[in-house]
Structures are given as C-alpha cells and as structure tokens.
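Breakdown of the fold
Take a look at the letters that make up each chain.
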Amino acid sequence: HAAISALWKSTVKGDTTVILPIADFARREQGWQSRKTAIEALERISNKADARVVETLVEMLNDKEASVREAVVRALEIVAPEGDKLTLSAVEARLQDTSWVVRR
C-alpha cells in the first residue's frame, strides 16, 4: 500500500488517469490494508460527486473488513453528492453494521 500512498500524494485532484486505476485496485486487492489505503486515496484525490468513485465506494460498503467499511463511510461523506439517495440508503444500512467502528 506504500505505492498507493505515494501515488495519491503526487496526484492532482480529479485526475482520472490515476483515480480509475486506484478504484479498480481497491475493488480487486486481497489485502484489507491496501484496500483501505486505496479508499483513503480516493477520498483525497476524487472530485466531489465523481459517479465512478461513488459507485466503487458504495460497492465496497459490503467489504468483509470493518476498517475498510469505516474508511468507505468516511470517504463517502467527502465524495458523494449531497442528498444522493443511493448513497444515503447504502450508508444508512451500515447503521446496523456488526462493527461499532463502522456504525459511529
């Protein structure tokens, strides 16, 4: 996950040539720490309301690792468009999450 951290630190906000591969990486990566780092990178470099990023994040709300789900909720607060019904519904479902970290 060090490579992802280095990449987002040198990326211009909204650069889809970086954002899309990071989103794909987040979906496919086996290691939860790397998925979490990728989500944190998306939070920092994505433009508000970037539909592809929001879609990726909503998908990842079902991640098996609580730390990843927590990072997704935080990222959606920043990236999702205000009042987006799909996002609100997906995040609302996390209020029943088995992990207190995600629910807070």
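Residues numbered from 1 in each chain as written. Predicted model: local features only at pLDDT ≥ 70, side-chain atom pairs only at ≥ 80, totals over all residues. Heavy atoms only, no water.

What to know about the packing of helix 4 (residues 51–60) against helix 5 (residues 66–79)
Helix 5 packs onto helix 4 with a crossing angle of 150° between their chain directions and a minimal axis gap of 9 Å. Viewed along their axes, helix 4 and helix 5 adopt a mutual orientation that is roughly antiparallel. Every pair of crossing elements has a handedness; the one defined by helix 4 and helix 5 is left-handed. Seen from helix 4, the contacting residues are Val 53, Val 54, Leu 57, Val 58 and Met 60; seen from helix 5, they are Val 68, Arg 69, Val 72, Ala 75, Leu 76 and Val 79. Per-class residue counts for the contact of helix 4 with helix 5 are 10 nonpolar, no polar and one charged. (Axes fitted to C-alpha atoms, helices over the stretch in contact; angles between N-to-C directions. Helix = DSSP H or I, 4+ residues; strand = E, 2+ residues; numbered from the N terminus. Parallel < 35°, antiparallel > 145°, perpendicular 65-115°, else oblique. Left-handed = near helix turned anticlockwise from the far one by under 90°. Contact = heavy atoms within 4.5 Å. Nonpolar A, V, L, I, M, F, W, Y, C, P; charged D, E, K, R; others polar.)

Observations concerning unusual backbone geometry
Positive phi values are uncommon outside glycine, yet Ala 49 reaches one of about 70°. In this fold, Ala 49 is placed in the loop between helix 3 (32–45) and helix 4. The class for Ala 49 is partly exposed, based on a relative accessible area of 37%. (Buried < 20%, exposed > 50% of the residue type's maximum accessible area, 1.4 Å probe, protein only.)

As for the layout of surface pockets
In this structure, the largest pocket spans a volume of roughly 290 Å³. If you trace the largest pocket, you find 20 residues lining it, with Val 73, Arg 74, Leu 76, Glu 77 and Val 91 closest to the centre. Looking at the lining of the largest pocket, the elements with two or more residues in it are helix 5, helix 6 (85–93) and helix 7 (100–103). Considering every element that reaches the lining of the largest pocket, the biggest residue donor is helix 5, with five residues. (1 Å grid on protein atoms, 1.4 Å probe; cavity = no way out; pocket = protein on both sides within 12 Å on 5 of 7 lines; lining within 4 Å. Points joined across faces, edges and corners; volume = space filled by probe spheres on them.)

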